[in-house]
Amino acid sequence: MGGVFWGPDTVCGIDPFGADNFCFELRGACCEPRTGSGERCRIKFEEQCDAIVGATFFGSDSFCGGLSPCEDPIGACCLAGGGCAAVDEDSCLAANGTYTDDDELCVNHAECNDSNGDGTPDISDGCPQDPNKIAPGQCGCGLLDTDSDSDGTADCNDGCPNDGNKTSPGVCGCGNPDGDLDMDGAVDCIDGCPNDGNKTSPGVCGCGTPDVDTDSDGVPDCNDVCPGFDDTVDTDTDGVADGCDGCPNDGNKTSPGICGCGTPDVDSDSDGVPDCNDVCPGFDDNVDTNMNGVPDGCEQCKSEVVCLDNNVCTHNECSGGVCGEFGVSYGDVASPFGGLVATSDILCAVTAFGNYSACPNADIFECLISGIPISTGDILATVAAFGGGDPCGCSGPSAATSTPTPTAGYRLQKGDGHAVVVLSAKSRYVKPGQRVLVDVSVRNAPDLIAYEIRTESSNANLKPESVFVDENHADFAFTGSEFVTAIDKNLNRIGGVAIGESGESARLRYLGTFEYRAASRARGTVSITADPESIQLFRRLDNLIKITSVEDAHIIIATPPKR
């Protein structure tokens, strides 16, 4: 009672502690089943072998290898042509047979027949009557598992065998996706507005626009002529609802226009001015030769010439077709009234000192010293008027704005010299926001007695600040002569007249200085120029000096480089 038997011929082991005939557990052969190639033999303890389903344990004197108690099982092997042999699986496969572990089949080996001749014995052929299949697949024996649209569902089960995206027609049918882009519950194929989640049909306003009638006038907002008002109310029956009609009681107008409701904007004389505002009906209101605001068609006089009375103390003007007489103040001496006060006016006043007839075109009113035609006051006042002032406080303009034209005695003559005017900057570089001085000099100006010069910048980033003449300049053109300076800061010009000796001609001579300021964020190269037409050099009494070239000054607005 209580002993453990280890099988026949199993010897007792040796007690590791020296005791004889001590029995202890030993390992033996364990025959384990395996699919397709019989059993396999491995040395294991009995408990390990018993834990393997289908395994058989042999005693400790049983070994794996040549003496292994584990043998490959014998089964039926269906051979080509329908024959059957009882062999192990390895031998069957080596003979290109089909193996089954039931060796009883070889007693009556009809199952080894190949009824459909497809090379697979009936016993292993899931479709023994279908030479095209050995398993039923999706469609069963007799039907091919063809998948025309490669969507993973055979045609026999595919409601849309040619649509790889669908296996049933759904709502839209095969070939059309049952998508709902606007997620409104209506698939796109039946949605009249597939991109509008609020509509499934265009309605009156079309997809994307709701058929809303905000003002409840029966016309949806998308077609509402007069939103917020009743489109059906049209008092003057002009087709525009009263709510949007600027002239609801005038059937000919929907807005007041120029002439207002009830008055048509008719232009009978086609001059671009409607009759209601026409200054000169029947004539073109845009033709105003003397630019006095009255069209020529409604003027009795159209120019100042008609009104001139040759009275030097008055200025005669044609205004509204009527001649008017106005007193004049100092200003334009050497040309008819209306010209720019220029150096030629100063020069004329100086040379005509005490002799009024020397300036036959003088527009001058004797407000300083009455009775003396040309006096020192006249000269000084003319110089002041150069800058646009009215030194006498007299009525009438003192400085006009039109471009000067040299009159008789100051016309350009042939062979009248070839002067060169030079503009030079005190510094080539100027930092943003800083000022730079530009000197004006002249050479080859024979018998120079007076001058007038304007300069301008090629870029708005360099703006004029001031104009002045340094009479103490070592190479000033009129050094040693009595000199009259005239400066106009607004027009950025400078003028000068020598009362005594005239200036030299060959050497480069200083005439004046212009001051410019660079803008705070300016950058780049800027040129200071003087158009030859804006420079006048006068020689004594008879003509102007011809200018052949002007050398510009170039200024770089930037921080000067380090040296």
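The rules behind each value
- Residues numbered from 1 in each chain as written.
- Predicted model: local features only at pLDDT ≥ 70, side-chain atom pairs only at ≥ 80, totals over all residues.
- Heavy atoms only, no water.
- Pairing = 2+ DSSP bridges.
- Helix = DSSP H or I, 4+ residues; strand = E, 2+ residues; numbered from the N terminus.
- Salt bridge = Lys/Arg side-chain N within 4 Å of Asp/Glu carboxyl O.
- Buried < 20%, exposed > 50% of the residue type's maximum accessible area, 1.4 Å probe, protein only.
- Disulfide = S-S within 2.5 Å.

Can you tell me about the pairing of strand β12 (residues 435-443), naming the residues and giving the values?
Inspection of the sheet shows strand β10 (residues 419-425) paired to β12 by six bridges, in the antiparallel sense. From the neighbouring strand, Ser424 faces β12, where its bridge partner is Asp439. In terms of strand pairing, β12 meets strand β18 (residues 509-518) through eight bridges, oriented antiparallel. Paired with Val442 across the strands is Arg509, a residue of β18.

How would you summarise the pattern of salt bridges if you had to cite specific residues and measurements?
Enumeration over the complete set of coordinates arrives at ten salt bridges. We note a salt bridge from Lys426 to Asp439, for which the minimum N-O separation is 2.9 Å. Here Asp439 lies in strand β12 and Lys426 lies in the loop between β10 and β11 (429-430), a separation of 13 residues in the sequence. Assessed through its relative accessible area of 53%, Lys426 is described here as exposed. According to the relative accessible area criterion, Asp439 is buried, its value standing at 7%. One salt bridge connects Arg493 with Glu452, and the closest N-O pair in it is separated by 3.0 Å. Placement of the pair is Arg493 in strand β17 (residues 493-498) and Glu452 in strand β13 (residues 448-454), with a sequence separation of 41 residues.

Describe the state of the cysteines, naming the residues involved and giving the relevant values.
Here the structure, examined in full by the defined rule, presents eleven disulfides. Sulfur-sulfur distance for the disulfide between Cys127 and Cys141 comes to 1.8 Å. Here the S-S torsion is close to -80°, and the disulfide linking Cys127 with Cys141 is therefore left-handed. Remark: Cys141 occurs in the loop between β6 (98-100) and β7 (314-319) and Cys127 occurs in the loop between β6 and β7; sequence separation between them is 14 residues. A relative accessible area of 41% means that Cys141 is categorised as partly exposed. Note that Cys172 is cross-linked by a disulfide to Cys189, the S-S spacing being 1.9 Å. With the S-S bond torsion at -85°, the cross-link from Cys172 to Cys189 turns out left-handed. Of this pair, Cys172 sits in the loop between β6 and β7 while Cys189 is found in the loop between β6 and β7, placing the two residues 17 residues apart along the sequence.

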